[in-house]
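# What the coordinates show
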Amino acid sequence: MNASDPEANGLKPTTHIDRLIHEPGRLMIMAYLFVVEKADFVFLMRQTGMTQGNLSSHLSKLEAAGYVEIEKSFKGKKPLTMLRLTDAGRTGLREYRESMSQVLDGLPD
Amino acid sequence: MVSQQLDLKQLERAAWRSYHTDGLWDVFLGLVLLSAWVSSLAGSDLLHLVLVVASLAVFALGKRFVTVPRMGLVEFGAERKAKNRKVAALLFFVVLLGVALYIVAVTGIEVLGWRPGRGALTTLGMSLVILVIFGGIAYWLDFPRMMLLGLAFAAAFAGSRLLDSRVTFLVAGALALGWGLALLVSFVRRYPLPTEAGSHERE
């Protein structure tokens, strides 16, 4: 028996947890986009309290992973960035929640 | 965030409620109450209608030019949309009821053996109806402050009938409007316009 093997020690494996979603900032973005149909950049900035740069950086990673769809347009002369969670993003967050609850289920009170 | 419970319903509710911290509902309903008082001074129902429409325009323009640029654009989920449809249906029913009661009151016709009087019982009953309607809106809109506004409406209505003076609409309207404006100022200070609102230039 390998002493460093978490499963052998009776611990649930954590390797299947999506590290991209696990990051607190991205988890918050995913959670907000999960509960709405779509929202713009300002909405997410206000709700999450993130700076423009920080939010942009997280959104780029989520878009690259196929979790968030970013639609850029103009409303009058002002740029408008609408964001929406893709089906893969919704599934990803559900699976993440499931995985986390499985991992944490065994913790003593 | 990770250490806290990921309560998605709570998150959605908090996001929804943040849109009502602008005080525009209070301003709108305060103006509606004041319009009842102003039109009674002029003795014109048409003026009342015009002022109510103007109050609605203030509400819509405030949302468009004050709230959305500061809070951003969002389309809430299906459950929230269904609740909003219930509120819209309730408001439609209220308007129909109001028109029907107005016709009954003006023509003095009897409906199912009942004719609206100015007695305390009728006043109390109608005040309760107002409270129930506002209660429904407060519940479906997840907006508890609406219940207080309902109380202002019911008190103004009951007071005006019992005291035979529409000054109660002035008092209730001024209170609601003052409170709404204070909330609006606080909202504008708390959420200044983003420097590059909705900009994707940096992405």
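Residues numbered from 1 in each chain as written. Chains lettered and ligands numbered in written order. Predicted model: local features only at pLDDT ≥ 70, side-chain atom pairs only at ≥ 80, totals over all residues.

### Examining the overall build of chain B
In terms of helices and strands, chain B carries 7 helices and 1 strand. Taken from the N to the C terminus, the helices and strands of chain B come in the order α-α-α-β-α-α-α-α. Within chain B, buried positions represent 23% of all 203 residues. In chain B, once contacts between residues fewer than 6 apart in sequence are set aside, the share between residues at least 24 apart is 69%. (Helix = DSSP H or I, 4+ residues; strand = E, 2+ residues; numbered from the N terminus. Buried ≥ 20, exposed ≤ 12 C-beta atoms within 10 Å, placed from the backbone. Contact = placed C-beta atoms within 7 Å.)

### Some thoughts on helix H6 (residues 145-163) of chain B
Residue and element names in this part refer to chain B. The terminal C-alpha atoms of H6 lie 27 Å apart, and with 19 residues this matches the ideal 27 Å at 1.5 Å per residue to within 8%. All of the buried residues in H6 are Met146, Leu149, Gly150, Ala152, Phe153, Ala154, Ala156, Phe157, Ser160 and Arg161. Immediately downstream of H6, the backbone of Asp164 shows phi near 55°, a positive value. (Expected span 1.5 Å × (residues − 1).)

### Describing the interface of chain A and chain B
Tallying the contact residues gives 29 residues for chain A and 23 residues for chain B. Among the secondary structure elements, those contributing two or more residues to the side of chain A that touches chain B are helix H2 (24-35), strand S1 (36-40), helix H3 (41-48), helix H4 (52-64) and strand S3 (78-85) of chain A. For the side of chain A that touches chain B, the element with the most residues is H2(A), which contributes 7 residues. For the side of chain A that touches chain B, the residue count by class is 16 nonpolar, 6 polar and 7 charged. (Nonpolar A, V, L, I, M, F, W, Y, C, P; charged D, E, K, R; others polar.)

### A short note on the sheet that holds strand S2 (residues 68-75) of chain A
Spatially, the 4 strands line up as an open sheet ordered S2(A)-S3(A)-S1(A)-S1(B), and their pairing is antiparallel. A strand with exactly one partner marks an edge of an open sheet, and here the two such strands are S2 of chain A together with strand S1 (74-76) of chain B. This sheet shows a mean twist of 20° between the axes of neighbouring strands, independent of strand direction. Bridging between S1(A) and S3(A) involves 2 bridges; their strand directions are antiparallel. Paired with Asp40(A) across the bridge in S3(A) is Met82(A). Along the sheet, H3(A) makes contact with S1 and S3 of chain A together with S1 of chain B, crossing S1(A) at roughly 100°. (Pairing = 2+ DSSP bridges. Axes fitted to C-alpha atoms, helices over the stretch in contact; angles between N-to-C directions.)

### Notes on the pairing of S1(A)
Alignment of S1(A) against S1(B), held across 3 bridges, turns out to be antiparallel. Looking across to S1(B), one finds that Ala39(A) is bridged to Val74(B).

### Focus: the environment of Phe92(B)
Residue and element names in this part refer to chain B. Within the element layout of this structure, Phe92 appears in helix H4 (residues 78-107). Overall, the presence of 10 C-beta atoms within 10 Å leaves Phe92 in the exposed class. Along the primary structure Phe92 and Ala42 are separated by 50 residues, whereas in three dimensions their C-alpha atoms are 27 Å apart.

### Overview of the nonpolar core
If you look at the biggest cluster of nonpolar residues, it comprises 30 residues, and the most contacted ones within it are Ile29(A), Met30(A), Tyr32(A), Leu33(A), Ala39(A), Leu44(A) and Leu83(A). Among the elements of the structure, H2, S1, H3, H4, S3 and helix H5 (87-105) of chain A together with helix H3 (45-71) of chain B are those that each provide at least two residues to this core. Looking at this core, the element that brings in the most residues is H2(A), giving 8 residues. Once residues lying within four places of it in the same chain are set aside, the contact partners of Tyr32(A) are Ala39(A), Leu44(A), Gln47(A), Thr48(A), Leu11(B) and Ala15(B). One finds Leu29(B), Leu149(B), Phe153(B) and Ala172(B) within the second-largest nonpolar core, a separate group that totals 23 residues. (Core = buried A, V, L, I, M, F, W, Y, C linked by C-beta atoms within 7 Å.)

### A word on the confidence of the model for chain B
Residues and elements named next belong to chain B. Looking at chain B, pLDDT values average 84 and 86% of them are 70 or higher. No element of chain B has a lower mean pLDDT than H4, at 80, and none a higher one than helix H7 (residues 167-190), at 95. Among the prediction metrics, the complex's ipTM stands at 0.78, with pTM recorded as 0.77. (pLDDT = per-residue confidence, 0-100.)

### Side note on unusual backbone geometry
Residues and elements named next belong to chain B. Backbone geometry at Asp142 places phi at a positive 55°, although glycine is not the residue there. Note on placement: Asp142 falls in the loop between helix H5 (120-140) and H6. Positive phi outside glycine occurs at Asp164, with the angle close to 55°. Counting through the fold element by element, Asp164 comes out in the loop between H6 and H7.

### Some details on the environment of Glu12(B)
Summarising the element assignment, Glu12(B) is placed in helix H1 (residues 8-18). Along the chain, Glu12(B) and Phe76(B) lie 64 residues apart, while their C-alpha atoms are 8.4 Å from each other.

### Some remarks on the packing of H2(A) against H1(B)
Running from N to C, H2(A) and H1(B) point in directions that differ by 75°, and their axes come no closer than 9 Å. Here H1(B) runs roughly perpendicular to H2(A), going by the angle between their axes. Two secondary-structure elements touch here, H2(A) through Ala31(A), Tyr32(A), Phe34(A) and Val35(A) and H1(B) through Leu8(B), Leu11(B), Glu12(B) and Ala15(B). A per-class count over the contact of H2(A) with H1(B) returns 7 nonpolar, no polar and 1 charged. (Parallel < 35°, antiparallel > 145°, perpendicular 65-115°, else oblique.)

### Quick look at the pairing of S3(A)
Residue and element names in this part refer to chain A. Relative to S3, S2 is paired through 8 bridges, and the arrangement is antiparallel. Within S3, the position partnered with Phe74 by the bridge is Pro79. Hairpin connection between S2 and S3: a loop of 2 residues separates the two successive antiparallel strands, and Gly76 in this loop has a positive phi of roughly 70°.

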